[in-house]
Amino acid sequence: MDANEFIKNFAAQFDDTDASEFTLETRFRELDEWSSLNALAILNMISKKYSVVLKPEEMKPTNTVQELFDLVQSKLN
Amino acid sequence: MNPFSLVGKTILVTGASSGIGRAIAICCSQMGANLVITGRNETRLLETFLLLEGTEHQQICANLTNSSELEKLIECLPKLDGIVNNAGIAKPLVLQLTEQKDVDEIMQINALVPINLTRLVLQNKKLNKGASLVFISSINGNNCAYIGSSIYAASKSALTGFMKAVALELAPRGIRANCINPGMIETNLLKSGSIGEDELEKDRLKYPLKRYGKPVEVANAAVYLLSDATQWVTGSNLLIDGGYTLQ
Ligand SMILES: NC(=O)c1ccc[n+]([C@@H]2O[C@H](COP(=O)([O-])OP(=O)(O)OC[C@H]3O[C@@H](n4cnc5c(N)ncnc54)[C@H](OP(=O)(O)O)[C@@H]3O)[C@@H](O)[C@H]2O)c1
């Protein structure tokens, strides 16, 4: 799994935050536009692009893109 | 005579292997109906079958989105006094990430199957005079909407439009058509998606009656619409939502 690709897919689920602002360190829950719509979109994106179906409870403890990346990665192994 | 009795009526219930459909089948059998139940999962369909009261029931396993299986089901059917179109799926998905195959999958079982099943029973003369057609729609798409449910909402409001025209066309034969619009009901459907248990708990509290509905509460409404108590009720959407859409 490629981290840059993941960041790109992740950033695509946001409208107001510029894609270039996203890094593995981004604390996505603190973004102004963060909402339940982004949360659902990210779960959908992970399911479509990585064939990993995460439960919302599993995503809940993640705060940075890195943490979410690691979670998806762990499901792929 | 109990006005809600279904004695002497033969009723087809789709999606009877789970949740709301199972409760409807059981309730109808308790009210004296002869059931034809259908679902995909053989084991769970049999479980429902064994829970039915009475002996004159039939179970037919079929994937209704497969047109040859649908046609085979139609062939096997006795003359019907009622149909509950209940089989359906929910798939929380933002439009932005929705693919054509997702649209097809949801529209197929939720809207096209009930439409084609109704068409085929009519064309194959499987409906008795005075029959009652019940469609399990939803508040979603008819009374409100949710994020991530655009296709589901479209499929459920399609049912309403279809039901209304059918109610008009079949009225001369005394055949009635109605929808039931449930709010959230405690079934496996809730677990299919992207809503976590604590979010569900928060959502339950948004209901004026402070909980989600139970499958049997939808089943009671189906009994009502299938029974002779509603011989003058056609073309309606029966709201069962614990007051959710009042706000
Ligand atoms: N639960 C709710 O909150 C809620 C609210 C409003 C409306 N509804 C509607 O109520 C209906 C029943 O939902 P539920 O909550 O009872 O869901 P459920 O427990 O998931 O049951 C769905 C039923 O539909 C059947 N089904 C699905 N795809 C099928 C196919 N291709 N061919 C044949 N059967 C198929 C399933 O059969 P197998 O299990 O055998 O595969 C199952 O019996 C649905 O139309 C749903 O949209 C539900």
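See the structure above.
Model, not experiment: these values are computed from the prediction.

Calculation notes
Residues numbered from 1 in each chain as written. Chains lettered and ligands numbered in written order. Predicted model: local features only at pLDDT ≥ 70, side-chain atom pairs only at ≥ 80, totals over all residues. Heavy atoms only, no water. Contact = heavy atoms within 4.5 Å. Buried area = accessible area lost by both parts, 1.4 Å probe. Salt bridge = Lys/Arg side-chain N within 4 Å of Asp/Glu carboxyl O. Near = heavy atom within 4 Å. Polar contact = N/O pair within 3.5 Å; in protein donor to acceptor, adjacent residues only side chain to side chain. Areas by Shrake-Rupley, 256 points an atom, 1.4 Å probe, with all protein chains shown as cover. Helix = DSSP H or I, 4+ residues; strand = E, 2+ residues; numbered from the N terminus. Buried < 20%, exposed > 50% of the residue type's maximum accessible area, 1.4 Å probe, protein only. Pairing = 2+ DSSP bridges. Right-handed = clockwise from strand over helix to strand, strands pointing away. Axes fitted to C-alpha atoms, helices over the stretch in contact; angles between N-to-C directions. Parallel < 35°, antiparallel > 145°, perpendicular 65-115°, else oblique. Left-handed = near helix turned anticlockwise from the far one by under 90°. Nonpolar A, V, L, I, M, F, W, Y, C, P; charged D, E, K, R; others polar.

Looking at this structure, how should I read the interface of chain A and chain B?
How big an interface is tends to be stated in terms of accessible area lost as the parts join. Across the contact, 12 residues belong to chain A and 17 residues belong to chain B. Buried area between chain A and chain B, both sides added, is near 1100 Å², and the carbon and sulfur share of it is 63%. Summed over the three residues of chain A that lose the most area to chain B, namely Leu40, Asn44 and Lys48 of chain A, the buried surface amounts to 45% of that side. Inspection of the region where chain A meets chain B yields three salt bridges. Put simply, Lys48 of chain A and Asp102 of chain B hold a salt bridge, and the shortest N to O gap is 2.3 Å.

Got a minute to help me understand the site of the ligand in this structure?
All names here are of chain B. In the vicinity of the ligand lie 30 residues, with Ser17, Ser18, Asn41, Tyr152 and Thr187 positioned nearest. Leu64 places a polar main-chain atom, nitrogen or oxygen, 3.0 Å from a nitrogen atom of the ligand. Between Gly88 and the ligand, the recorded distance is 3.4 Å, taken from a backbone N or O atom to an oxygen atom. Notes on the ligand: free accessible area 900 Å², of which the protein chains cover 94%. Of all elements in the fold, only α1 (19–30) and α5 (150–170) reach the threshold of two or more residues within the shell around the ligand.

I would appreciate a short explanation of the pairing of strand β1 (residues 10–13) of chain B in the present structure.
Each regular strand shows side chains that alternate between the opposite faces of the sheet. Residue and element names in this part refer to chain B. Across the two faces of β1 the burial is the same, with Thr10 and Leu12 and Ile11 and Val13 all buried. Two strands pair when backbone bridges link them, and β1 and strand β2 (residues 34–39) are joined in this way by four bridges, in the parallel orientation. Bridging from a neighbouring strand, Thr10 pairs with Asn34 of β2. In terms of handedness, the path from β1 via α1 over to β2 forms a crossover that is right-handed. Relative to strand β4 (residues 80–85), β1 runs parallel, the two being bridged by three bridges. Pairing of Leu12 across the sheet is with Ile83, part of β4.

Just checking my understanding: could you explain the packing of α1 of chain B against helix α2 (residues 42–51) of chain B for this structure?
Each pair of packed helices can be summarised by the angle the axes make with each other and by the distance between the axes. All names here are of chain B. For the pair α1 and α2, the least separation of the axes is 9 Å and the interaxial angle reads 25°. Regarding the angle of α1 to α2, the classification is roughly parallel. Here the hand of the crossing between α1 and α2 comes out right-handed. Between α1, through Arg22, Ala25 and Ile26, and α2, the contact on the second element is made entirely by Arg44, Glu47, Thr48 and Leu51. Taken together, the residues of the contact of α1 with α2 break down into three nonpolar, one polar and three charged.

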